[in-house]
Amino acid sequence: MYANQSHTNITVELQYQGLMERVLFSIMTTVPCCVFLFINGTMLFTLRSKPVFRETSRYILLYNLLFADTVNLAHSQLLYLIAACRIRMTYPVCGVLSFFGNLTTVISPLTLVVMSLERYVAVCYPLRHATIITIKNTGMAIIVVWAFSSLSVLTRVLLLLNFPFAELENLQMKDFCGKESMLLDPMSDIYEKTFPCILFASAGVTVTCSYIGVMVAARSASTDKASAKKARNTLLLHLVQLGLSISSTIHNPFLTAISKVLDRIIIVRIQIILYVCIIIFPRCLSALIYGIRDQTIRPVLMYHLCCQWKRSPFLSHSTKAKISILITS
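First things first, this report covers the structure right here in the doc. (Residues numbered from 1 in each chain as written. Predicted model: local features only at pLDDT ≥ 70, side-chain atom pairs only at ≥ 80, totals over all residues. Heavy atoms only, no water.)

## Considerations on the overall build of the chain
- On a plain count of helices and strands, the chain comes out with 12 helices and 0 strands.
- Ordered by position from the N terminus, the helices and strands of the chain form the series α-α-α-α-α-α-α-α-α-α-α-α.
- Of all intrachain contacts in the chain linking residues separated by at least 6 positions in sequence, the fraction that spans at least 24 positions is 78%.
- In the structure as shown, the chain presents an accessible area of about 18300 Å², 69% of it carried by carbon and sulfur atoms. (Helix = DSSP H or I, 4+ residues; strand = E, 2+ residues; numbered from the N terminus. Contact = heavy atoms within 4.5 Å. Areas by Shrake-Rupley, 256 points an atom, 1.4 Å probe, with all protein chains shown as cover.)

What follows is the structure in structure tokens.
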């Protein structure tokens, strides 16, 4: 009897410890996620606040990239909290959430490709830039990006239909909802491993070629050196963003691999670190990069981030003057 009571106490203690860990880890991921969502949301509002942002192709593309990253960030955190709360869904509900996440995941690298090509045209063909990169063409490029992303999701749905759901006792999932949980058919697993490789390899080659083209053009005497250098740095940042997007695709496979050799507690802690570093942080990178580097966006973004900017000691008088001009113009 004493042994049974001792075993019960240990079980209760372990359950309590597990609950506290879930609560702590949920707070550790939710707080930075909310901060980044606030920054991204402010950036999105900023990009719609003035005509110069709504009528410039690169800002329109940036809005599309940032919108996809923000939705993906909110989606990832939602699935994380659902799993932390030990909530199991039905296959249809999890399928909708997973495919929605796949849609925004594909949009980000494709938009980076279009943004890189826009910078390449701006440097290498400056006289034709206004003719090629128009608002109409930018809108068509965004439509193509969304259509291609939707097609990839439709392909996943069609592959999933091969699974015999009718043979299941019920549609309740035995595991937590995630992208890997919906790989029920061997063809779906093959597609999930092949498509991201082709996508990111193609995107990486395109951005790299654009970067090389800009570097070659920068050596030409007829090229604006300052503009070429700025475009080169922007393309380099696009490569970094693309690399971070690629790292997010190996998050779950890496955890699956180390789960076979490490203790569960260590795996959970590694998972939190990886989740914050390669899932949450890259989704805020676009806002930080462009909000800080771009001279047109920076003062307006600072104004919206600092609601009481007149009282803020962090803003200089020159910055306040720029903000006043931009807001009143």
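And the narrative resumes.
## Regarding the environment of Thr-30
- Along the chain, Thr-30 falls in helix α1 (residues 2-46).
- On the accessibility criterion, Thr-30 (22% relative accessible area) is partly exposed.
- In sequence terms Thr-30 and Ala-74 are 44 residues apart; their C-alpha atoms lie 9.9 Å from each other.
- Once residues within four sequence positions are removed from consideration, Thr-30 is found in contact with Gln-77 and Leu-81.
- Of the polar contacts made by the side chain of Thr-30, one reaches the side chain of Gln-77; its length is 2.9 Å. (Buried < 20%, exposed > 50% of the residue type's maximum accessible area, 1.4 Å probe, protein only. Polar contact = N/O pair within 3.5 Å; in protein donor to acceptor, adjacent residues only side chain to side chain.)

## Side note on the environment of Ile-272
- With respect to the helices, strands and loops of the structure, Ile-272 is situated in helix α10 (residues 264-293).
- Separated by 243 residues in the primary sequence, Ile-272 and Thr-29 place their C-alpha atoms 7.4 Å from one another.
- Not counting residues up to four positions away in its chain, the partners in contact with Ile-272 are Phe-25, Met-28, Thr-29 and Tyr-80.

## Remarks on the packing of helix α3 (residues 57-84) against helix α4 (residues 91-124)
- Between α3 and α4, the least distance of the axes is 9 Å, while the angle of their chain directions is 155 degrees. By the criterion of interaxial angle, the relationship of α3 to α4 is roughly antiparallel. For the pair α3 and α4, the sense of crossing is left-handed.
- Grouping the amino acids of the contact of α3 with α4 by side-chain chemistry returns 12 nonpolar, 9 polar and 4 charged. (Axes fitted to C-alpha atoms, helices over the stretch in contact; angles between N-to-C directions. Parallel < 35°, antiparallel > 145°, perpendicular 65-115°, else oblique. Left-handed = near helix turned anticlockwise from the far one by under 90°. Nonpolar A, V, L, I, M, F, W, Y, C, P; charged D, E, K, R; others polar.)

## Notes on the pattern of salt bridges
- Within the structure shown, the criterion is met by 1 salt bridge.
- Residue Glu-118 is joined to Arg-119 by a salt bridge in which the shortest nitrogen-to-oxygen separation is 2.8 Å.
- With a relative accessible area of 4%, Glu-118 lands in the buried category. (Salt bridge = Lys/Arg side-chain N within 4 Å of Asp/Glu carboxyl O.)

## Things to note about the packing of aromatic side chains
- According to the stated counting rule, one finds 5 aromatic pairs in the structure shown.
- Centroid distance Tyr-120 to Tyr-125: 6.2 Å. Interplanar angle 70 degrees. Geometry classified as edge-to-face.
- We classify Tyr-120 as partly exposed; its relative accessible area is 25%.
- Accessibility expressed as a relative area gives 38% for Tyr-125, which makes it partly exposed.
- Each residue in the set Phe-148, Tyr-191 and Phe-195 is aromatic and connected to the rest through ring pairs, giving one cluster.
- Taking the ring centre of Tyr-63 as reference, the NZ or CZ of Arg-48 above it sits at 5.4 Å. (Phe/Tyr/Trp six-rings, centres within 6.5 Å; stacked < 30°, edge-to-face > 60°. Lys NZ or Arg CZ within 6 Å of the ring centre and 35° of its normal.)

## Considerations on a nonpolar patch on the surface
- Together, Val-23, Ile-27, Val-31 and Val-35 give the surface a local cluster of nonpolar side chains, amounting to about 320 Å² of exposed area.
- Assessed through its relative accessible area of 49%, Val-31 is described here as partly exposed. (Patch = residues over 30% accessible without salt bridge, like charges linked within 9 Å, V, L, I, M, F, W, Y side chains within 5 Å.)

## What to know about the packing of helix α6 (residues 135-160) against helix α7 (residues 186-218)
- Packing of α6 against α7 brings their axes to within 9 Å, and their N-to-C directions diverge by 155 degrees. Judged by the angle between their axes, α6 and α7 are roughly antiparallel. When you trace α6 past α7, the crossing you get is left-handed. Here α6 contributes Phe-148, Ser-152, Thr-155, Arg-156, Leu-159 and Leu-160 to the contact with α7, which in turn contributes Met-187, Ser-188, Tyr-191, Glu-192 and Phe-195.
- Here the residues of the contact of α6 with α7 sort into 6 nonpolar, 3 polar and 2 charged.

## Structural notes on the side chain of Ser-57
- Within the secondary structure layout, Ser-57 lies in helix α3.
- If sequence neighbours within four positions are ignored, Ser-57 has contacts with Ile-133, Thr-134, Ile-135 and Thr-138.

## Some points on α6
- Taking 1.5 Å of rise per residue, the 26 residues of α6 would be expected to cover 38 Å, and the 38 Å separating its terminal C-alpha atoms lies within 8% of that figure.
- What α6 keeps buried is the set Thr-138, Ile-142, Val-145, Ser-149, Ser-152, Val-153, Arg-156, Leu-159 and Leu-160.
- On its buried face, α6 is in contact with α3, α4 and α7. (Expected span 1.5 Å × (residues − 1).)

## Looking at the nonpolar core
- Core analysis: the biggest nonpolar cluster contains 24 residues, and Met-43, Leu-47, Leu-62, Tyr-290 and Ile-297 have the highest contact counts within it.
- Those elements that place two or more of their residues in this core are α1, α3, α4, α7, α10 and α11 (297-305).
- Looking at this core, the element that brings in the most residues is α3, giving 6 residues.
- For Tyr-290, the residues in contact, after removing those within four places along its chain, are Met-43, Leu-62, Met-115, Thr-234, His-238, Gln-241 and Ile-297.
- Residues Leu-103, Val-106, Ile-107 and Tyr-191 belong to the second largest nonpolar core, which totals 13 residues. (Core = buried A, V, L, I, M, F, W, Y, C linked by side-chain atoms within 4.5 Å.)

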